[in-house]
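# Breakdown of the fold
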Amino acid sequence: MRVLVSGGAGYIGSHTVLALIEAGHDVVVVDDFSNSKPTVVGRLETLSGTHIPVHSFDLRDHDKTEHLFAQGGIDAVIHFAGFKAVGESVAKPLDYYTNNLDATFSLVRAMRRHDVRNLVFSSSATVYGDHAPLPFREDYEPLSASNPYGWTKVMIEQVLSDVARADDLKVALLRYFNPVGAHPSGTIGEDPQGIPNNLLPFIAQVAVGRRPKLSVFGDDYPTEDGTAERDYIHVEDLAAGHVAALEALGRIEEPVRAFNLGGGRGTSVLEMVRAFERASGREIPYEIVGRRAGDLAATWADTTRAAEELGWRATRSIDDMCADAWRWQSQNPDGYPDA
């Protein structure tokens, strides 16, 4: 298949581009580089040994989106493009609703006009809200969220579900848990802009000397060591999940189907700290501070549906995640260079 990957220069998108090429698919990337750097493209071409067509524009530009599809040859879309920082979404909700929803509307309109019927959407476990029982299952309702970023995922899932049923589309909604790690070569990885919002890139920046210490938000949760537990998934496993979902669309009976992509178990903050210390050979200084408002004690996925219907399951361990993250961070202490 020839697959359009929106946001294909981003963290998860770039790893998925490689996985698609390795699986024999042709890839076209569209990315406005608002949260990624053009230098990732050269690295992808070196790793894949192939030229990757890249279109640099915002999907909200309807004319450019239409022109891209009008060139023909696109068989399917994997849609990553969107703003994704939880804290920023609280401070700038209108920016998040406008960007994430309008980009999706523009993309799906162009798909319909040019008879592109297959879509894989980058959703999130945040759609389960604060009240879903553990482990999170895809049939839980009602979906909810605790921040504008999460609500954009809930809303887009609803929009895609309605459009798929009305217009004969096939849509896979992939609800990620906590993607971490990097390509085993250390050539591509996560390069957050500013202060990292997620645990592992923050730990990695402490290990490489960019941050003095880690703040652990609470040690009095009802977990084994008192720190919050999350379901982590290696980004390479996550990329493989996108390929599996794309290739399964033709045999999925429903027009839209949701799948959890996670490791299926919780790992605590301090477990992750110790694993990174093993991987890096460096001590990770940390201090215990108060809980953050809204943080749950534990979250993890039930991944049975993905295993049974996609033939997919996560295979890499926490130690694998930390080893690959450290290889990327130590080889690229300041992330990707500017163009």
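See the structure above.
Residues numbered from 1 in each chain as written. Predicted model: local features only at pLDDT ≥ 70, side-chain atom pairs only at ≥ 80, totals over all residues. Heavy atoms only, no water.

## Considerations on the overall build of the protein chain
Put simply, the rule is: Note on conventions: DSSP H or I runs of at least 4 residues are helices, E runs of at least 2 residues are strands, and numbering of each starts at the N terminus. The atom set for the radius of gyration is the C-alpha atoms, and the globule formula is 2.2 Å times the number of residues raised to the power 0.38. Accessible area is worked out with a 1.4 Å probe on protein chains only. A residue is then buried under 20% of its type maximum, exposed over 50%, and partly exposed in between. Should any heavy atoms of two residues lie within 4.5 Å, those residues are considered in contact. Note that accessible areas follow from Shrake-Rupley with a 1.4 Å probe, and for residues the cover is restricted to the protein chains shown.
Counting its regular elements, the protein chain contains 11 helices and 13 strands. Radius of gyration (C-alpha) of the protein chain: 19 Å, near the 20 Å computed for a compact globule of 339 residues. Once the C-alpha set of the protein chain is aligned to its principal axes, its extents read approximately 55 × 45 × 40 Å. Among the 339 residues that make up the protein chain, the fraction classed as buried is 54%. Across the protein chain, the fraction of contacts at a sequence separation of at least 24, relative to all contacts at a separation of at least 6, is 80%. With an accessible surface of roughly 14,500 Å², the protein chain has 47% of that area assigned to carbon and sulfur atoms.

## Here's the deal with helix 7 (residues 199-208)
Taking burial as the measure, the 10 residues of helix 7 include nine buried ones, the bulk of the element. All buried positions along helix 7 are accounted for by Leu199, Leu200, Pro201, Phe202, Ile203, Ala204, Gln205, Val206 and Ala207. Residues of helix 7 that are buried sit in contact with strand 7 (178-180), strand 8 (214-217), strand 10 (232-234), helix 9 (269-280) and helix 11 (318-331). With its phi angle positive at about 95°, glycine 209 sits one or two positions after the end of helix 7.

## Re the sheet that holds strand 5 (residues 118-124)
The line we're drawing: Between any two strands, pairing holds if DSSP finds at least two bridges.
With parallel pairing, the seven strands of this open sheet are ordered in space as 3-2-1-4-5-6-11. Single-partner strands in this sheet number two, and they are strand 3 (54-55) and strand 11 (256-261). As paired elements, strand 5 and strand 6 (residues 170-176) share seven bridges and run parallel to each other. The residue of strand 6 that forms the bridge with serine 124 is tyrosine 176.

## Digging into unusual backbone geometry
Cis rather than trans, the peptide bond between leucine 134 and proline 135 has omega equal to -10°. Inspection of the secondary structure puts proline 135 in the loop between strand 5 and helix 6 (148-167). Of note, the bond from glutamate 141 into proline 142 is cis; its omega dihedral lies within 30 degrees of zero at 0°. One non-glycine residue, phenylalanine 33, lies in the positive phi region at around 60°. Along the chain, the position of phenylalanine 33 falls in the loop between strand 2 (26-30) and helix 2 (39-48).

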